[in-house]
Amino acid sequence: MSSHNLHLVSDSTGETVAMLARACVAQFDEIKMRQHSWPLVREGAQIDKVLAAIRKAPGLVLFTMVDSDLRKILEDGLEDLKVPYLCVLDPVLAALGTYLKAEAHLRPGYQHALGAADFERIEAINFSLIHDDGQAAATLNRADVVLVGVSRTSKTPTCIYLANRGIKAANVPVVPGCPLPQELFKLTRPLVVGLTKDPRQLVKVRKHRLELMHQDPTSDYVDVATVNREVEEAKRLCNKHGWPLIDVSGKSIEETATLILQHLKDRVETGW
(Lines give C-alpha, C1' and ligand atoms only; values in the text may rest on other atoms or scores of the structure.)
Protein backbone atom coordinates (compact mmCIF):
# COMPACT_ATOMS: atom_id res chain seq x y z
CA MET A 1 0.00 0.00 0.00
CA SER A 2 1.56 3.28 -1.12
CA SER A 3 1.49 6.22 1.29
CA HIS A 4 1.18 9.92 0.48
CA ASN A 5 0.78 13.23 2.33
CA LEU A 6 -2.41 15.22 1.94
CA HIS A 7 -2.57 18.75 3.37
CA LEU A 8 -5.97 20.34 3.98
CA VAL A 9 -5.87 24.11 4.55
CA SER A 10 -8.86 26.28 5.43
CA ASP A 11 -9.63 29.76 6.72
CA SER A 12 -12.66 28.27 8.49
CA THR A 13 -13.21 25.06 10.46
CA GLY A 14 -11.91 22.94 7.58
CA GLU A 15 -14.93 20.68 7.46
CA THR A 16 -15.75 21.41 3.81
CA VAL A 17 -12.34 20.46 2.46
CA ALA A 18 -12.10 17.51 4.87
CA MET A 19 -15.46 16.14 3.75
CA LEU A 20 -14.50 16.42 0.09
CA ALA A 21 -11.10 14.85 0.71
CA ARG A 22 -12.68 11.88 2.51
CA ALA A 23 -15.14 11.31 -0.31
CA CYS A 24 -12.42 11.42 -2.97
CA VAL A 25 -9.74 9.42 -1.15
CA ALA A 26 -12.27 6.64 -0.55
CA GLN A 27 -12.34 6.03 -4.31
CA PHE A 28 -8.69 4.95 -4.42
CA ASP A 29 -7.84 1.40 -3.34
CA GLU A 30 -4.55 0.47 -1.69
CA ILE A 31 -3.65 4.11 -1.09
CA LYS A 32 -2.88 5.44 2.37
CA MET A 33 -3.16 9.19 2.83
CA ARG A 34 -1.44 10.84 5.77
CA GLN A 35 -3.80 13.74 6.34
CA HIS A 36 -2.52 17.03 7.76
CA SER A 37 -5.29 19.48 8.69
CA TRP A 38 -4.76 23.23 9.02
CA PRO A 39 -8.03 24.95 10.08
CA LEU A 40 -8.64 28.61 10.95
CA VAL A 41 -5.72 29.89 8.86
CA ARG A 42 -6.43 33.62 8.77
CA GLU A 43 -3.04 35.29 9.12
CA GLY A 44 0.19 35.36 7.15
CA ALA A 45 2.13 33.94 10.10
CA GLN A 46 -0.15 30.91 10.12
CA ILE A 47 0.45 30.35 6.42
CA ASP A 48 4.21 30.45 7.08
CA LYS A 49 3.73 27.67 9.63
CA VAL A 50 1.68 25.62 7.15
CA LEU A 51 4.28 26.06 4.40
CA ALA A 52 7.06 25.00 6.76
CA ALA A 53 5.17 21.80 7.58
CA ILE A 54 4.50 21.10 3.89
CA ARG A 55 8.20 21.56 3.17
CA LYS A 56 8.97 18.79 5.68
CA ALA A 57 6.20 16.49 4.38
CA PRO A 58 5.50 17.38 0.72
CA GLY A 59 2.22 16.28 -0.79
CA LEU A 60 -0.97 17.40 -2.48
CA VAL A 61 -2.52 20.51 -0.94
CA LEU A 62 -6.28 21.06 -1.03
CA PHE A 63 -7.56 24.32 0.36
CA THR A 64 -10.54 26.61 0.84
CA MET A 65 -9.27 30.16 1.15
CA VAL A 66 -11.62 33.11 0.65
CA ASP A 67 -9.32 36.07 1.35
CA SER A 68 -7.54 36.85 -1.93
CA ASP A 69 -4.42 38.27 -0.25
CA LEU A 70 -3.95 35.25 1.99
CA ARG A 71 -4.67 32.94 -0.91
CA LYS A 72 -1.92 34.57 -2.97
CA ILE A 73 0.57 34.17 -0.12
CA LEU A 74 -0.32 30.50 0.14
CA GLU A 75 -0.21 29.86 -3.60
CA ASP A 76 3.11 31.69 -4.03
CA GLY A 77 4.59 29.59 -1.24
CA LEU A 78 3.28 26.37 -2.76
CA GLU A 79 4.71 27.37 -6.15
CA ASP A 80 8.12 27.84 -4.53
CA LEU A 81 7.83 24.41 -2.91
CA LYS A 82 6.77 22.91 -6.27
CA VAL A 83 3.93 20.90 -4.73
CA PRO A 84 0.55 20.36 -6.47
CA TYR A 85 -2.39 22.27 -5.05
CA LEU A 86 -6.04 23.02 -5.71
CA CYS A 87 -8.64 25.35 -4.28
CA VAL A 88 -11.51 22.86 -4.16
CA LEU A 89 -14.15 25.58 -4.33
CA ASP A 90 -12.97 27.02 -7.65
CA PRO A 91 -14.53 24.47 -10.09
CA VAL A 92 -17.91 24.52 -8.35
CA LEU A 93 -18.00 28.29 -7.97
CA ALA A 94 -17.01 28.74 -11.62
CA ALA A 95 -19.71 26.35 -12.81
CA LEU A 96 -22.36 27.96 -10.62
CA GLY A 97 -21.28 31.45 -11.65
CA THR A 98 -21.56 30.57 -15.32
CA TYR A 99 -24.89 28.86 -14.92
CA LEU A 100 -26.42 31.54 -12.70
CA LYS A 101 -24.75 34.42 -14.54
CA ALA A 102 -23.84 35.82 -11.16
CA GLU A 103 -20.76 36.53 -9.08
CA ALA A 104 -20.17 34.62 -5.86
CA HIS A 105 -19.91 36.51 -2.57
CA LEU A 106 -16.93 34.77 -1.04
CA ARG A 107 -17.42 34.12 2.67
CA PRO A 108 -15.97 31.51 5.02
CA GLY A 109 -18.70 28.99 5.86
CA TYR A 110 -19.33 26.00 8.00
CA GLN A 111 -20.37 22.52 6.94
CA HIS A 112 -21.55 19.70 9.11
CA ALA A 113 -19.19 16.78 8.82
CA LEU A 114 -20.62 13.84 6.90
CA GLY A 115 -19.48 10.26 7.13
CA ALA A 116 -20.40 6.66 7.76
CA ALA A 117 -19.80 6.67 11.54
CA ASP A 118 -23.44 7.27 12.47
CA PHE A 119 -23.49 4.84 15.39
CA GLU A 120 -20.24 6.26 16.73
CA ARG A 121 -21.77 9.74 16.74
CA ILE A 122 -24.96 8.50 18.40
CA GLU A 123 -22.90 6.82 21.13
CA ALA A 124 -20.86 10.00 21.58
CA ILE A 125 -24.01 12.14 21.84
CA ASN A 126 -25.51 9.80 24.44
CA PHE A 127 -22.26 9.91 26.38
CA SER A 128 -22.19 13.71 26.35
CA LEU A 129 -25.80 13.96 27.52
CA ILE A 130 -25.19 11.52 30.39
CA HIS A 131 -21.99 13.33 31.41
CA ASP A 132 -23.34 16.88 31.13
CA ASP A 133 -22.81 19.38 33.95
CA GLY A 134 -20.65 17.09 36.11
CA GLN A 135 -22.99 14.11 36.05
CA ALA A 136 -21.86 10.46 36.06
CA ALA A 137 -18.41 11.37 37.35
CA ALA A 138 -17.65 7.71 38.06
CA THR A 139 -17.30 7.02 34.32
CA LEU A 140 -15.62 10.31 33.41
CA ASN A 141 -12.43 8.50 32.44
CA ARG A 142 -14.20 6.98 29.42
CA ALA A 143 -14.39 10.41 27.78
CA ASP A 144 -12.14 11.61 24.98
CA VAL A 145 -12.40 15.20 26.19
CA VAL A 146 -13.52 16.77 29.47
CA LEU A 147 -14.35 20.48 29.42
CA VAL A 148 -14.00 22.48 32.63
CA GLY A 149 -15.22 26.03 33.14
CA VAL A 150 -17.51 28.42 34.98
CA SER A 151 -21.17 28.78 34.13
CA ARG A 152 -22.07 30.09 30.65
CA THR A 153 -18.78 29.31 28.91
CA SER A 154 -20.59 27.16 26.30
CA LYS A 155 -19.44 23.84 27.74
CA THR A 156 -22.61 21.91 26.91
CA PRO A 157 -23.12 23.08 23.29
CA THR A 158 -19.41 22.55 22.61
CA CYS A 159 -19.69 18.99 23.94
CA ILE A 160 -22.69 18.31 21.72
CA TYR A 161 -20.86 19.68 18.68
CA LEU A 162 -17.84 17.48 19.45
CA ALA A 163 -20.16 14.51 19.92
CA ASN A 164 -21.51 15.08 16.43
CA ARG A 165 -17.92 14.59 15.30
CA GLY A 166 -17.74 11.27 17.16
CA ILE A 167 -15.86 12.68 20.17
CA LYS A 168 -17.02 11.55 23.60
CA ALA A 169 -17.08 14.85 25.46
CA ALA A 170 -18.06 15.49 29.07
CA ASN A 171 -18.13 18.73 31.03
CA VAL A 172 -17.64 19.70 34.65
CA PRO A 173 -18.76 23.11 35.95
CA VAL A 174 -16.57 25.18 38.25
CA VAL A 175 -19.00 26.56 40.85
CA PRO A 176 -17.84 28.76 43.76
CA GLY A 177 -18.17 26.90 47.05
CA CYS A 178 -18.83 23.53 45.37
CA PRO A 179 -16.02 20.94 45.37
CA LEU A 180 -15.08 19.43 42.05
CA PRO A 181 -15.47 15.65 41.68
CA GLN A 182 -12.28 13.88 42.73
CA GLU A 183 -12.52 11.72 39.61
CA LEU A 184 -11.55 14.80 37.60
CA PHE A 185 -8.08 14.81 39.15
CA LYS A 186 -7.52 11.08 38.58
CA LEU A 187 -8.20 11.01 34.84
CA THR A 188 -5.72 9.07 32.70
CA ARG A 189 -7.48 8.85 29.34
CA PRO A 190 -9.31 12.11 28.47
CA LEU A 191 -7.84 15.43 27.44
CA VAL A 192 -9.01 18.03 29.96
CA VAL A 193 -9.56 21.51 28.49
CA GLY A 194 -10.53 24.65 30.36
CA LEU A 195 -12.97 27.14 28.84
CA THR A 196 -12.96 30.76 29.96
CA LYS A 197 -14.65 33.97 28.91
CA ASP A 198 -14.41 37.71 29.42
CA PRO A 199 -16.21 38.43 32.74
CA ARG A 200 -18.22 41.30 31.24
CA GLN A 201 -19.53 39.06 28.49
CA LEU A 202 -20.32 36.40 31.06
CA VAL A 203 -22.33 38.86 33.14
CA LYS A 204 -24.31 39.92 30.10
CA VAL A 205 -25.13 36.33 29.14
CA ARG A 206 -25.97 35.38 32.71
CA LYS A 207 -28.29 38.36 33.18
CA HIS A 208 -30.17 37.37 30.05
CA ARG A 209 -30.51 33.83 31.36
CA LEU A 210 -31.85 35.05 34.70
CA GLU A 211 -34.38 37.26 32.92
CA LEU A 212 -35.62 34.30 30.92
CA MET A 213 -35.95 32.26 34.12
CA HIS A 214 -37.57 35.17 36.03
CA GLN A 215 -34.90 35.00 38.75
CA ASP A 216 -33.13 37.65 40.84
CA PRO A 217 -30.97 39.77 38.48
CA THR A 218 -28.86 41.20 41.32
CA SER A 219 -27.24 38.05 42.74
CA ASP A 220 -23.49 37.32 42.93
CA TYR A 221 -24.03 35.21 39.81
CA VAL A 222 -24.05 38.46 37.80
CA ASP A 223 -21.89 40.70 40.00
CA VAL A 224 -18.92 41.84 37.89
CA ALA A 225 -16.36 41.72 40.71
CA THR A 226 -17.56 38.31 41.88
CA VAL A 227 -17.61 36.89 38.37
CA ASN A 228 -14.11 38.23 37.74
CA ARG A 229 -12.82 36.38 40.83
CA GLU A 230 -14.68 33.28 39.70
CA VAL A 231 -13.01 33.38 36.28
CA GLU A 232 -9.55 33.99 37.74
CA GLU A 233 -9.94 31.08 40.15
CA ALA A 234 -10.92 28.78 37.27
CA LYS A 235 -7.85 29.94 35.32
CA ARG A 236 -5.60 29.17 38.27
CA LEU A 237 -7.14 25.71 38.51
CA CYS A 238 -6.33 24.99 34.86
CA ASN A 239 -2.80 26.36 35.15
CA LYS A 240 -2.16 24.32 38.28
CA HIS A 241 -3.05 21.06 36.53
CA GLY A 242 -1.53 21.95 33.16
CA TRP A 243 -4.88 21.89 31.34
CA PRO A 244 -4.95 23.91 28.11
CA LEU A 245 -7.21 26.95 28.38
CA ILE A 246 -9.36 28.37 25.58
CA ASP A 247 -10.90 31.84 25.76
CA VAL A 248 -14.29 31.48 24.06
CA SER A 249 -14.99 35.24 24.04
CA GLY A 250 -16.22 36.14 20.58
CA LYS A 251 -15.75 32.59 19.30
CA SER A 252 -18.42 30.43 17.73
CA ILE A 253 -19.02 26.91 19.04
CA GLU A 254 -17.45 25.59 15.83
CA GLU A 255 -14.27 27.59 16.35
CA THR A 256 -13.95 26.48 19.97
CA ALA A 257 -14.49 22.84 19.00
CA THR A 258 -11.92 23.12 16.21
CA LEU A 259 -9.32 24.38 18.68
CA ILE A 260 -10.13 21.49 21.01
CA LEU A 261 -9.72 19.03 18.14
CA GLN A 262 -6.36 20.65 17.38
CA HIS A 263 -5.29 20.01 20.99
CA LEU A 264 -6.38 16.39 20.57
CA LYS A 265 -4.35 16.13 17.37
CA ASP A 266 -1.28 17.64 19.02
CA ARG A 267 -1.67 15.23 21.91
CA VAL A 268 -1.68 12.22 19.57
CA GLU A 269 1.27 13.51 17.54
CA THR A 270 3.40 14.19 20.62
CA GLY A 271 2.40 10.95 22.29
CA TRP A 272 1.42 12.83 25.45
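Everything here concerns the structure above.
Just so we're clear, the structure is a prediction, and the values are computed from it rather than from any experiment. (Residues numbered from 1 in each chain as written. Predicted model: local features only at pLDDT ≥ 70, side-chain atom pairs only at ≥ 80, totals over all residues. Heavy atoms only, no water.)

Below, the discussion takes up the side chain of Thr 196. Summarising the element assignment, Thr 196 is placed in strand β7 (residues 191-196). For Thr 196, a relative accessible area of 7% gives the class buried. Excluding residues that lie within four positions of it along the chain, Thr 196 makes contacts with Thr 153, Val 231, Lys 235, Leu 245, Ile 246, Asp 247, Val 248 and Ser 249. (Helix = DSSP H or I, 4+ residues; strand = E, 2+ residues; numbered from the N terminus. Buried < 20%, exposed > 50% of the residue type's maximum accessible area, 1.4 Å probe, protein only. Contact = heavy atoms within 4.5 Å.)

Moving on, we get to unusual backbone geometry. At Arg 152, a position not held by glycine, the phi torsion is positive, near 75°. You will see that His 214, though not glycine, has its phi angle at about 55°, which is positive. Among the secondary structure elements, His 214 is positioned in the loop between α7 (199-212) and α8 (224-241).

The next thing to look at is the packing of aromatic side chains. Throughout the structure, instances matching the rule amount to 2 aromatic pairs. Each ring, one from Phe 63 and one from Tyr 85, has its centre 6.3 Å from the other, and the planes form 35°; the classification is tilted. Highlighted residues: Phe 63 in strand β3 (residues 60-64) and Tyr 85 in strand β4 (residues 85-87), separated in sequence by 22 residues. Under the relative-accessibility criterion, Phe 63 is labelled buried at 0%. Ring geometry for Phe 185 against Trp 243: centres 6.2 Å apart, planes inclined by 15°, an arrangement best described as stacked. Residue Phe 185 is found in the loop between β6 (169-173) and β7, and its partner Trp 243 is found in the loop between α8 and β8 (245-247); the two are separated by 58 residues along the sequence. A residue is classified by how much of its surface remains accessible, and Phe 185, at 33% relative accessible area, is partly exposed. (Phe/Tyr/Trp six-rings, centres within 6.5 Å; stacked < 30°, edge-to-face > 60°.)

This part covers the sheet that holds β4. Taken together, 4 strands build an open sheet; the order of strands is β2-β1-β3-β4 and the sheet is parallel. Each edge of the open sheet carries a strand with a single partner, namely β2 (31-38) and β4. Sheet twist, expressed as the average angle between the axes of neighbouring strands with direction ignored, equals 20°. Pairing between strand β1 (residues 2-10) and β2: 8 bridges, direction parallel. Directly across from Val 9, in β2, lies its bridge partner Trp 38. Contacting β1, β2 and β3, helix α1 (residues 15-25) crosses the sheet at an angle of about 155° to β1. (Pairing = 2+ DSSP bridges. Axes fitted to C-alpha atoms, helices over the stretch in contact; angles between N-to-C directions.)

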